[in-house]
Amino acid sequence: MPFPFNPVIRAGIHGKVKAMIPFKRLLSGKAGLSPGSLVHVGDRKVDRVRIHVIDYDKDSVKEREAESPSDCEEYKTSRSITWIDVKGLHGVEIIQGFGERFGLHPLVLEDILNTGQRPKTEEFEKYLLVICKMLSYEQETGEVGMEQVSIVLAPSFVITFQEKEGDVFDPVRDRIRKGRGRIRKMGEDYLVYALLDAVVDNYFVLLDKVGTSLEDLEEEIMGNPRPDILDRTHVLKRELILMRRSIWPMREVLSNLQREESSLMTEHTGLFLRDAYEHTIQVIETVETFNDMASGLMDYHMSAVNNRMNEVMKVLTIVATIFIPLTFIAGIYGMNFEHMPELAWAWAYPAVVGVMGVLAGGMIVWFKHNRFF
Amino acid sequence: MPFPFNPVIRAGIHGKVKAMIPFKRLLSGKAGLSPGSLVHVGDRKVDRVRIHVIDYDKDSVKEREAESPSDCEEYKTSRSITWIDVKGLHGVEIIQGFGERFGLHPLVLEDILNTGQRPKTEEFEKYLLVICKMLSYEQETGEVGMEQVSIVLAPSFVITFQEKEGDVFDPVRDRIRKGRGRIRKMGEDYLVYALLDAVVDNYFVLLDKVGTSLEDLEEEIMGNPRPDILDRTHVLKRELILMRRSIWPMREVLSNLQREESSLMTEHTGLFLRDAYEHTIQVIETVETFNDMASGLMDYHMSAVNNRMNEVMKVLTIVATIFIPLTFIAGIYGMNFEHMPELAWAWAYPAVVGVMGVLAGGMIVWFKHNRFF
Amino acid sequence: MPFPFNPVIRAGIHGKVKAMIPFKRLLSGKAGLSPGSLVHVGDRKVDRVRIHVIDYDKDSVKEREAESPSDCEEYKTSRSITWIDVKGLHGVEIIQGFGERFGLHPLVLEDILNTGQRPKTEEFEKYLLVICKMLSYEQETGEVGMEQVSIVLAPSFVITFQEKEGDVFDPVRDRIRKGRGRIRKMGEDYLVYALLDAVVDNYFVLLDKVGTSLEDLEEEIMGNPRPDILDRTHVLKRELILMRRSIWPMREVLSNLQREESSLMTEHTGLFLRDAYEHTIQVIETVETFNDMASGLMDYHMSAVNNRMNEVMKVLTIVATIFIPLTFIAGIYGMNFEHMPELAWAWAYPAVVGVMGVLAGGMIVWFKHNRFF
Amino acid sequence: MPFPFNPVIRAGIHGKVKAMIPFKRLLSGKAGLSPGSLVHVGDRKVDRVRIHVIDYDKDSVKEREAESPSDCEEYKTSRSITWIDVKGLHGVEIIQGFGERFGLHPLVLEDILNTGQRPKTEEFEKYLLVICKMLSYEQETGEVGMEQVSIVLAPSFVITFQEKEGDVFDPVRDRIRKGRGRIRKMGEDYLVYALLDAVVDNYFVLLDKVGTSLEDLEEEIMGNPRPDILDRTHVLKRELILMRRSIWPMREVLSNLQREESSLMTEHTGLFLRDAYEHTIQVIETVETFNDMASGLMDYHMSAVNNRMNEVMKVLTIVATIFIPLTFIAGIYGMNFEHMPELAWAWAYPAVVGVMGVLAGGMIVWFKHNRFF
Amino acid sequence: MPFPFNPVIRAGIHGKVKAMIPFKRLLSGKAGLSPGSLVHVGDRKVDRVRIHVIDYDKDSVKEREAESPSDCEEYKTSRSITWIDVKGLHGVEIIQGFGERFGLHPLVLEDILNTGQRPKTEEFEKYLLVICKMLSYEQETGEVGMEQVSIVLAPSFVITFQEKEGDVFDPVRDRIRKGRGRIRKMGEDYLVYALLDAVVDNYFVLLDKVGTSLEDLEEEIMGNPRPDILDRTHVLKRELILMRRSIWPMREVLSNLQREESSLMTEHTGLFLRDAYEHTIQVIETVETFNDMASGLMDYHMSAVNNRMNEVMKVLTIVATIFIPLTFIAGIYGMNFEHMPELAWAWAYPAVVGVMGVLAGGMIVWFKHNRFF
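Chemist: Which parts of the structure should I look at to understand the overall build of chain A?
Modeler: When helices and strands are tallied, chain A shows eight helices and seven strands. Residues classed as buried in chain A amount to 64% of the 373 residues present. For chain A, restricting intrachain contacts to residue pairs at least 6 apart in sequence, the fraction spanning at least 24 positions comes to 68%. Accessible surface for chain A amounts to roughly 13,900 Å². Of this, 53% is attributable to carbon and sulfur atoms.

Chemist: Just to check I follow, could you spell out the relation of the copies chain D and chain C for this structure?
Modeler: Two copies of one chain are present, and they are related through a rotation about an axis combined with an axial shift. At an RMSD of 0.0 Å, chain D and chain C line up after a rotation of 72° and a shift of 0.0 Å along the axis. Expressed as a symmetry operation, the mapping of one chain copy onto the other fits a five-fold axis. No C-alpha of chain D approaches the rotation axis more nearly than that of Gly334(D), which lies at 4.7 Å.

Chemist: Quick question: what am I supposed to make of the side chain of Lys133(E) here?
Modeler: Residues and elements named next belong to chain E. Relative to the helices and strands, Lys-133 is located in strand β5 (residues 128-138). Nearest to the buried, unbridged Lys-133 among oppositely charged side chains is Glu-163, at 5.7 Å. Of note is the side chain of Lys-133, whose polar atom sits 2.9 Å from the backbone oxygen of Thr-115. A polar contact of 3.1 Å, which involves the side chain of Lys-133, links it to the side chain of Gln-148. With residues up to four places along the chain from it excluded, the contact list for Lys-133 reads Thr-115, Gly-116, Gln-117, Pro-119, Met-146, Glu-147, Gln-148, Val-199, Tyr-203 and Ser-246.

Chemist: What is the right way to look at the interface of chain B and chain C in this model?
Modeler: Accessible area lost during the coming together of the parts is what is often quoted as the interface size. Counting residues at the interface gives 68 residues for chain B, matched by 68 residues for chain C. Of the roughly 6,000 Å² buried where chain B meets chain C, counting both sides, 63% is carbon and sulfur surface. In terms of surface lost to chain C, no three residues of chain B exceed Met222(B), Phe328(B) and Phe337(B), which account for 11% of the buried area on that side. Along the contact surface separating chain B from chain C lie six salt bridges. A salt bridge links Glu285(B) to Arg118(C), with the shortest nitrogen-to-oxygen separation between them at 2.8 Å. Remark: the boundary between chain B and chain C carries 17 residue pairs in polar contact (both at pLDDT 80 or more). Elements with a minimum of two residues in the side of chain B that touches chain C: α5 (170-178), α6 (188-223), α8 (267-332) and α9 (348-369) of chain B. The greatest single-element share of the side of chain B that touches chain C, amounting to 33 residues, is contributed by α8(B). Here the residues of the side of chain B that touches chain C are counted per class, giving 30 nonpolar, 20 polar and 18 charged.

Chemist: How should I be thinking about the pairing of strand β3 (residues 81-87) of chain C in this particular structure?
Modeler: Walk down a regular strand and you will see the side chains alternate between the two sheet faces. Residues and elements named next belong to chain C. Of all the seven residues making up β3, seven are buried; the element is thus mostly covered by neighbouring parts of the structure. Both strand β1 (residues 50-56) and β3 contribute to a ladder of seven bridges, which runs antiparallel. Across the sheet, His-52 pairs through a bridge with Asp-85, a residue of β3.

Chemist: What exactly am I supposed to notice about the confidence of the model for chain A here?
Modeler: Fine structural detail should not be taken from predicted coordinates in areas where pLDDT scores are low. All names here are of chain A. Looking at chain A as a whole, its pLDDT mean stands at 81, while 85% of the residues score no less than 70. The secondary-structure element of chain A with the lowest mean pLDDT is helix α1 (residues 7-14), recorded at 32, while strand β7 (residues 157-162) shows the highest, at 93. Low pLDDT, under 50, characterises residues 1-26; the predicted model gives this stretch 72 contacts beyond four residues in sequence or across chains.

Chemist: Sorry if this is basic, but what is going on with the packing of aromatic side chains here?
Modeler: The geometry of two aromatic rings is summed up by the distance between their centres and the angle between their planes. Counted according to the given criterion, the structure contains 65 aromatic pairs over all chains. Residues Phe337(B) and Tyr349(C) carry aromatic rings whose centres are separated by 6.3 Å and whose planes lie at 45° to one another, so their mutual orientation is tilted. Of this pair, Phe337(B) sits in the loop between α8 and α9 while Tyr349(C) sits in helix α9 (residues 348-369), each in a different chain. Joined through ring pairs, the aromatic side chains of Phe98(A), Phe102(A), Phe157(A) and Phe161(A) make up one cluster. Arg251(B) extends its terminal NZ or CZ atom over the ring of Trp248(B), reaching a point 6.0 Å from the ring centre.

Chemist: Whenever I open this one, the pattern of salt bridges confuses me. Can you help?
Modeler: Two side chains carrying opposite charge are able to pair once their charged atoms lie near each other. Residues and elements named next belong to chain D. On inspection of all chains with the given rule, the structure shows 120 salt bridges over all chains. The partner of Glu-73 in a salt bridge is Arg-101, with the nearest N and O atoms 3.8 Å apart. Residue Glu-73 is found in the loop between α2 (69-72) and β3 (81-87), and its partner Arg-101 is found in helix α3 (residues 92-102); the two are separated by 28 residues along the sequence. On the accessibility criterion, Glu-73 (35% relative accessible area) is partly exposed. Classification of Arg-101 as partly exposed rests on a relative accessible area of 31%. The closest approach of N and O atoms between Arg-232 and Glu-220, which form a salt bridge, is 3.0 Å.

Chemist: What exactly am I supposed to notice about the environment of Val319(E) here?
Modeler: Positionally, Val319(E) belongs in helix α8 (residues 267-332). Look at Val319(E) and you get buried, because its relative accessible area is 16%. On a C-alpha basis, the gap between Val319(E) and Ala360(E) in space is 10.0 Å, while along the polypeptide they are 41 residues apart. With residues near it in sequence (within four places) discarded, Val319(E) still touches Thr321(D), Ile324(D) and Pro325(D).

Chemist: Can you walk me through the relation of the copies chain B and chain C in this structure?
Modeler: Once chain B is rotated about the relating axis by 72° and shifted along it by 0.0 Å, it coincides with chain C to within an RMSD of 0.0 Å. Comparing contact sets, just 15% of the residues at the interface of chain B also lie at the interface in chain C, consistent with a heterologous contact between different surfaces.

Chemist: Looking at this model, I keep getting lost on the interface of chain D and chain C. Mind explaining?
Modeler: Counting residues at the interface gives 68 residues for chain D, matched by 67 residues for chain C. For the pair chain D and chain C, the interface holds six salt bridges. Measuring nitrogen to oxygen at the nearest pair gives 2.8 Å for the salt bridge that ties Lys120(D) to Glu278(C). Across the contact surface, chain D and chain C share 17 residue pairs in polar contact (both at pLDDT 80 or more). At the level of secondary structure, the elements contributing two or more residues to the side of chain D that touches chain C comprise α4 (106-113), β4 (120-123), α7 (228-259), α8 (267-332) and α9 (348-369) of chain D. Class assignment of the residues belonging to the side of chain D that touches chain C gives a composition of 38 nonpolar, 15 polar and 15 charged.

Chemist: Any chance you could explain the nonpolar core here in plain terms?
Modeler: One broad rule of soluble globular proteins: the nonpolar side chains tend to lie buried together. The biggest cluster of nonpolar side chains holds 140 residues, and the ones touching the most others in it are Tyr333(A), Tyr333(B), Tyr333(C), Met335(C), Tyr333(D) and Tyr333(E). Tyr333(E) has contacts with Tyr349(A), Gly334(D), Met335(D), Asn336(D), Phe337(D), Met340(E), Glu342(E), Leu343(E) and Val352(E), leaving out every residue within four places of it along the chain.

Chemist: Would you take a moment to explain the environment of Gly361(A) for this structure?
Modeler: Residues and elements named next belong to chain A. In this structure, Gly-361 sits in helix α8 (residues 348-369). Residue classification places Gly-361 among the partly exposed positions, given a relative accessible area of 30%. As a C-alpha pair, Gly-361 and Ala-351 span ten residues in sequence and 15 Å in three-dimensional space.

Chemist: When you look at α8(B) in this model, what are you seeing that I'm missing?
Modeler: Spacing of three or four residues puts side chains on the same side of an α-helix, whose turn is 3.6 residues. A rise of 1.5 Å per residue sets the reference length of α8(B), with its 66 residues, at 98 Å; its end C-alpha atoms lie 96 Å apart and thus fit the reference within 8%. Burial analysis of α8(B) places 50 of its 66 residues in the buried class, which makes it a mostly covered element.

Calculation criteria
In this convention, every chain numbers its residues from 1, walking through the sequence in written order. Just so you know, chain letters begin at A and ligand numbers begin at 1, following the order they were written in. Predicted model: local features are reported for residues with pLDDT of at least 70 only, side-chain atom pairs are reported and counted for 80 or more only, and whole-chain, interface and lining totals are derived from all residues. By convention in this description, side-chain values take in all heavy atoms of the structure and omit both hydrogens and water. Numbering goes from the N terminus for both helices and strands, where a helix is a DSSP run of H or I of at least four residues and a strand is a run of E of at least two. Three exposure classes are used, based on accessible area relative to the maximum for each residue type with a 1.4 Å probe and protein chains only: buried under 20%, partly exposed in between, and exposed over 50%. Residue contacts follow a heavy-atom distance rule, with two residues in contact if any of their heavy atoms lie within 4.5 Å. Only the protein chains shown count as cover for residues, with accessible areas throughout obtained via the Shrake-Rupley method and a probe of 1.4 Å. A least-squares fit on C-alpha atoms brings the copies together, and the residues used are those whose pLDDT is at least 70 in both copies. This count recognises Lys and Arg as positive and Asp and Glu as negative, with His and chain-terminal groups excluded. Any Lys or Arg side-chain nitrogen located within 4 Å of an Asp or Glu carboxyl oxygen qualifies as a salt bridge. Counting of polar contacts relies on pairs of N or O atoms within 3.5 Å, with two restrictions inside protein: one atom must be capable of donating a hydrogen and the other of accepting it, and residues adjacent in sequence are counted only when both atoms are side-chain atoms. Buried area is understood as the total, over both parts, of accessible area removed when two parts are fitted together, assessed with a 1.4 Å probe. Each residue gets one of three labels, nonpolar for Ala, Val, Leu, Ile, Met, Phe, Trp, Tyr, Cys and Pro, charged for Asp, Glu, Lys and Arg, and polar for the others, Gly among them. The rule for pairing is simple: two strands pair if DSSP sees at least two bridges between them. For every residue, the predictor states its confidence as a pLDDT score lying anywhere from 0 to 100. Here is the rule: rings of Phe, Tyr and Trp (six-membered ring for Trp) pair when centre to centre is within 6.5 Å. Planes less than 30 degrees apart are stacked, more than 60 are edge-to-face, and the remainder are tilted. Either the NZ atom of lysine or the CZ atom of arginine qualifies as a charge over a ring when it sits within 6 Å of the ring centre and within 35 degrees of the ring normal. Only buried residues count toward a nonpolar core. Its members are Ala, Val, Leu, Ile, Met, Phe, Trp, Tyr and Cys residues joined through side-chain atoms within 4.5 Å. Expected helix span is computed as 1.5 Å times (number of residues minus one).

What follows is the structure, given as structure tokens:
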């Protein structure tokens, strides 16, 4: 059955595997720690923290791997645009290094390290923090990954913090490398927009998968409402609840960025942000619509199963209602009383069978008349 | 069964055909492309892009087919009102041609080409963009078509971009040609209003069909709650969800146009826009009401089916409950024990039959007393 | 069964008659016409358009039937208060006559003629238009009528347009004729208030009927949840949906009138309008409450039916579960094998019957212990 | 069964008694009367209208029964604080007397007399009108009474209009008489606050009863989900709907009083009003929570009943499924064919019984394996 | 079964124990008392009221137990920061002592003593009152405790009032004692923030438990939808309703504190409060999501149980439908009529058995064809 949409859903089909995006991902698990203390909250998803740097302006692009935050310090004031991409969050001292060298507030570092954050945007004097959730769908494995991406926008650099390697930013990197589109001609704020746009665009890819699943489920219910559709719809609905949780705050994030009066965001980029904002609205509306549809499917499936059950029960009812009285009559003449005069009558047997036939026929007529079938 | 309302619904009746307005139409499928890149997103619905031009003023009307955007450039500054109607979106270079010659922003062109847009209105310095969804109902085929219409309003021309030929604008064209109503005496903004009004009016036609379907379904449920009503109601409800998605943002579109302080919209036309806005409110309220009703019908149907099932089960219960004990008694005297003194008694047989009769009668009385039937 | 509340509900009781307030009444059916074109949309409910005029001031009342709009022109500027009541809308030329002679905008005339309007209030330079829905309950026939009433308020006259004769305004006419209350001492705006108040008051009459129906249904469900209660509750709920549609916008209408800064509405009348506004709020809240209650009743009924069904099924289960094994035992000893030593034993028959009794008793004890009954 | 909570609920338990707070109490039944006409709308609940006067200041308290409104006129301008408590509304002339002597607007008198009012506060030039619903729970009879209380606050007196004797104000009277708390030291506005606070406090008493009922119901469902719980929960839920209707507008009433810029309300009392407002919020939230819980209980009960039913059905299924085939086998060998060679075989009987045992055992194993029980 | 989450839930598993957080905790039970009268409302949870004092500044920490409010008076004006932690509320005279000595308004004292308060913040001239609900989860006993914490913030001291010993503030005390984090370097307002942050952090701990329970329930439903899951899910849902009631107003509390223009809250602490506010939003969203999920689980469970029931019923139907007619045929030839010619035919027995086989086979084929199994 070709339904390799995501691990959770696959679980619903292939067996009783535990759902894979646990509810706990909704929570930041830092209870009891001093606020501002730097601890990585989340799973360690990568061996070594990698720092990838792309430095570009209108005319040239330079790419390199940096070893440490101090390696990147030169870009802090360079006139070219620098995108420092940090992959892996467990290296607390590296994050702290960026904090010290690039002047980030301890609460910012804490937010970056705590992967249970709610998407948000926060403006500071010299930089802007954007936190969002990247939902990626890996074609080969059919798995959905949820990853927190934190973006720091400062006048001459952009730092992104990701939980692991592999992201949805390759098209952006390609456009920078090949100078396609307007990305090379515009500022850091446009880079941030491009990254957010890539994140939002990937929501569409995911929703596309969900939409296909919904259609498959609907078609199957119309054809043959098998019980396992229940599990699959439930899992899909639950998945949509989690997606909504991740996507809904993006509306606020993009709306805030657009209205931001900060000098970090130019008016020109604002136009593009409005576009991304509208896409987010569309994503949210689609998630809501899909949610309604999934709920509708559950009701529909249940009703369809009930309808089929009723069909089955009707058959039982009709067969039983006809034959139980007939069997009783046969039972009567199966009794061994010595004084049952009818038993000796020659035409008794055909008469009884005839009466049975008439009774059965009458009941069938009555059933038909009452539209039992 | 005369239920040729639309392909989806027909599917629900005639068989297990796949629903025809796929969920994907809710999404704009451009993930990974550079923003502003011109690609047609959607199905190619027409062979050749046709450009139809109506140029009119109070006294005269001229109609012609243009070959290319450059063909239309003369109208850009003419004092008469020009409606350039472009049918077919896959000719990207043609759209681009209009963009260059008429000074449209790349994002506008992108929006026009991406048929997964959400209805919206956007004001630019020299023109106004309105995007809406045309839902048309074709009488002959009984099909519902969803088509994106983009309208560009500039001081001396109006350009409309449609996905294919065939639209709901013929009454508007007729009024222009024949000089009926006030359309020829008023400006470009009134033309835009007339087009939007035609779009909104067609929603009423569609809702009328839906309303009739709802009434038919209700009547059938009251008469004979057949299981296939479930499928049809589900499909109708799903259709209403999609309609809501298309129509709801029209409220905002018309409200924005009305409040627009742009010099492109005259106060006089504002009065008419308020009228169209009120119609949209009415459409939306009707869609919501129909939605409530469809939900109510699903519950009602399910309850009615259950009620009927209960009737059926009651018959089984009564018949079985009466005859099972009687058959047991008959079974007792069908046993072949040698020492069953009753078997030899002369009055045993009538006595047993009498007891059975009394038992059956008692049960019937008890059932009646407990209002089992 | 005394349930003559309204035709629709009667239908639900007396048979499978089609509901009588069709869904289409929710729609204005004018698609494709030029805006501002005067066409009567709705059913022709009266043979001849009648124009009734009441002209009154503090001291005197004059009543007459006018033949045509020109007949009424004298009242346009008279110092007394004039209420021109037009009954019947199909006489388009008459409506047009009023439009011309009393200076009404074409869109106003169009709104008056289109009986599918949403209740609203619109202010023009010299007059005020109020459109509302009159729901009247005719005691004799038990029918509910929905009728559109358009009210034009100008400095020295009030024109009302109704679809047919027979309305809820008789108490207002009586008060004018007999000089009761303060109506004769106050201006045109108070007359409009009095008319709207009469409309709102009639909603209470209707809700009273609905409330009684709800109570009857509830009582019946508590007593004997018969299946036909489903149909009646469904029809009542559907009726409430339609009432809500008509009544809800009245809130806005009265709120607008109250806040209207027009010189047409005096502050004194404003106090009364606030009163009517509060009544409307009360009506709306009651409709919502009734709606909740009707939904609650449907659930309650379904649950009650299920509960009863379960009772019935339990009887079947217990009888069948007890007798099926017993019948099997009887069947064993009804077999005709030659070598069944038990058959010859003298105490076999009483022993088998005894075992059957113990088995039945044990099952009853087990059922009781598990609280099956 | 100790469930004497209120007449309606008792009805649900003790039999099929009609609910006692009829839906009509939600409506003001004055359709067709001239606005401002003084008619008592409601049931006559008391024989004679009683006027109780408490006149107090910091140092002294005087109490008396007044015979007529004119009897109270002296307090209109006295410097002490006077609380005139009118019990009984059917004496229209008495209410009118107060209206004339204390200068109350006819609409105010109308509101006081119409007991179907929605709680509200209205400010006039010289006085303030507050209307609220007193829900009282009488310990002895277990009945809930809904009574409208109208409070008129003027600079030197407070008049309260109640439908009948017996109210929740005794603690306030006691505090005045005994000089407890700060009531004697403060003004008329504090008296109004104290009265409203007493009304709100009584909601808590009622909610406490409802809460206890909900807990009892929940406990019973967990223990033994009997069908009559359905009726009781339904009645409780319906009761909560009516309570919500009465209590919800109190929020607005207290919020308005607090924000009132009238000189009638001192800032000091405002602090206490804020407290009462917060209590109302708490009451409303509790009503909503209880409503959610009652809905939850209905679902829970239905599910629990279904679960039990399923248990019962499973027993039937298992017994029937095992014994029906066995009975068939017995039936085979009960046939009277002359040529059935098996019948003569010596080991046939034990063999058949053995086969039956194996069959039954196999089915039990299969049932266990499929987790049927 | 490892489900020791909390007493209520344990009840749902281990038996029919009464839920332990009674609904009454939602209510303040002070009806009939004079406002401002000091009475402890709630259970007496501790023997002796203990007063713990921590006095600290940047350089030093002093801790002691105070005997009475007068003991603490010295800290009222000391320049160091003092946290006076009062554990136990039944010592009304002690609370009153604090009120007198520290100048607290009687309504504040009343709020502190009434443990049925709604979380809120109230600003007075010289101090700020914050009331919140501490939900603590005790690892050993698996119990959830709800406790009201009132915090008074004044320029040089913070007083906290708790119902009993044992709280979630130990990490804060530790940080003060060991000088970890910035708490020692900052003012009283930061201490209040730290306390609120500790309260909010504990909500996460609780939600984590709820999330785990939800996942366990989901997994069990997927595996084997046992009926007792219903009770457990119901209890979990009810628990979430109560948690929502306690947590929801915290949003307002933190939002108010943040916006407070009081000089008591410094701008620096505002940044941290924003952080705590965001955590609260996250908690609330999670509670809502969990609520949705619990509702979903109830539906899912019910559907799953129904599905299984249908499976069971199908088996019955198929077995009964096949064997009832066969048994009837056997019954026919078990009749004892003398004139049944078939009985003598040699091939009659095998023929009848053959017919039975064909019949059974036919029915199985028909069932398969109709997808009954």
